[in-house]
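Chain and residue survey
Spelled out from the first residue to the last, the chains are:
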Amino acid sequence: MKRALKQHVESLAQMGVTHVPRSKIKPRAKVSSQPAVHEPGEPRSADPENLMAEIVKEARACRACPLYKDATQAVVFDGTPRARLVFVGEAPGFEEDKQGVPFVGAAGQLLTKMIQAMGMQRSDVFICNVVKHRPPGNRTPEPDEAAACLPFLQRQLAIVQPKLICALGSVAAKALLGPGISIMKIRGSVQQYAGIPLVPTFHPAYLLRNPSAKKLAWADLQLVKRLIDQPSDSSG
Ligand code: URA
């Protein structure tokens, strides 16, 4: 318990937070993201884990754009498909391509600290990218590459049906809200994607290059936390 508290305080410090009001942190029930055990030939149930496993299989075989040619593997998601909160990034980088897990490099370590500073763990949320194969040299994905991969992201969001989506950076925000948006103008606001509230914020890689923006990102994440902790409207 002491170690968890220490880790939380360190995460807040990494985010540039030196003071936090007392708040209640509600632990969430742990749900495994592993597909259920399944015998060959047996029909799979349509639960979120199995549906997500199907997307993993299809993304691994995807040839809709040329990015697969230089990539080691498709990087599809981390966390739980039953999450209330989804983080959407841009595309896998060097470490993600090697490990097959999104957000595990330097920017990913900052994202992990941001999640911990919100009182959660990576296993409580769902983490994915617009583009599933690493663009060579970590370049920004081209609009046609993002468009070719978008159906996977749309299906992932339809499976998870989160309470809120947090778009990390311009590529994610544009993929989900339209190419005309400016991340600088709309970060920290509540937008809508397919009837789901969406809060855009800075990409963690941008925060590594511009640490003074961490304060604004922390304000955005506090808004995200408030919204996901709000009781759901049961009237409709
Ligand atoms: N940047 C991203 O946008 N996604 C990752 O998975 C890693 C770095």
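Residues numbered from 1 in each chain as written. Predicted model: local features only at pLDDT ≥ 70, side-chain atom pairs only at ≥ 80, totals over all residues. Heavy atoms only, no water.

Take the overall build of the chain next. Per the secondary structure count, the chain includes 9 helices and 6 strands. Burial analysis of the chain (236 residues in total) assigns 47% to the buried set. In the chain, once contacts between residues fewer than 6 apart in sequence are set aside, the share between residues at least 24 apart is 72%. (Helix = DSSP H or I, 4+ residues; strand = E, 2+ residues; numbered from the N terminus. Buried < 20%, exposed > 50% of the residue type's maximum accessible area, 1.4 Å probe, protein only. Contact = heavy atoms within 4.5 Å.)

So, on to the site of the ligand. Surrounding the ligand, one finds Gly 89, Glu 90, Ala 91, Glu 96, Pro 102, Phe 103, Asn 129 and His 203. Within the backbone of Ala 91, one N or O atom sits 3.0 Å away from a nitrogen atom of the ligand. Phe 103 has a polar backbone atom sitting 2.9 Å from an oxygen atom of the ligand. Out of a free accessible area of 240 Å², the ligand has 92% covered by protein chains. Of the residues that constitute the shell around the ligand, the class distribution is 3 nonpolar, 3 polar and 2 charged. (Near = heavy atom within 4 Å. Polar contact = N/O pair within 3.5 Å; in protein donor to acceptor, adjacent residues only side chain to side chain. Areas by Shrake-Rupley, 256 points an atom, 1.4 Å probe, with all protein chains shown as cover. Nonpolar A, V, L, I, M, F, W, Y, C, P; charged D, E, K, R; others polar.)

To continue, consider the pattern of salt bridges. One pass over the structure, following the stated rule, counts 9 salt bridges. A salt bridge links Glu 54 to Lys 57, with the shortest nitrogen-to-oxygen separation between them at 3.7 Å. In this pair, Glu 54 and Lys 57 are both assigned in helix H2 (residues 48-61), 3 residues apart and thus about one turn of the helix distant. For Glu 54, a relative accessible area of 31% translates into the label partly exposed. In this structure Lys 57 comes out as exposed when scored by relative accessible area, which is 54%. One salt bridge in this structure joins Arg 84 and Asp 229, with 3.7 Å as the shortest N-O distance. One end of the pair, Arg 84, is in the loop between strand S1 (78-79) and strand S2 (85-89); the other, Asp 229, is in helix H9 (residues 214-229), with 145 residues separating them in the sequence. Ionic contacts of the salt-bridge type, sharing partners, join the residues Arg 84, Lys 225 and Asp 229 into one network. (Salt bridge = Lys/Arg side-chain N within 4 Å of Asp/Glu carboxyl O.)

In this section: empty space enclosed by the protein. Per the counting criterion, the structure on display carries 1 cavity of 30 Å³ or more. Computed from the structure, the largest cavity encloses a volume of approximately 80 Å³. Of the residues that constitute the lining of the largest cavity, the class distribution is 10 nonpolar, 1 polar and 1 charged. (1 Å grid on protein atoms, 1.4 Å probe; cavity = no way out; pocket = protein on both sides within 12 Å on 5 of 7 lines; lining within 4 Å. Points joined across faces, edges and corners; volume = space filled by probe spheres on them.)

On to the environment of Ile 165. Within the secondary structure, Ile 165 is located in strand S4 (residues 164-168). Overall, Ile 165 belongs to the buried group, its relative accessible area being 0%. Counting along the chain gives 39 residues from Ile 165 to Phe 126, while the straight-line C-alpha distance between them is 9.5 Å. Not counting the four nearest positions on each side in its chain, Ile 165 is found in contact with Val 86, Val 88, Leu 157, Leu 176, Tyr 193, Ile 196, Pro 197, Leu 198 and Val 199.

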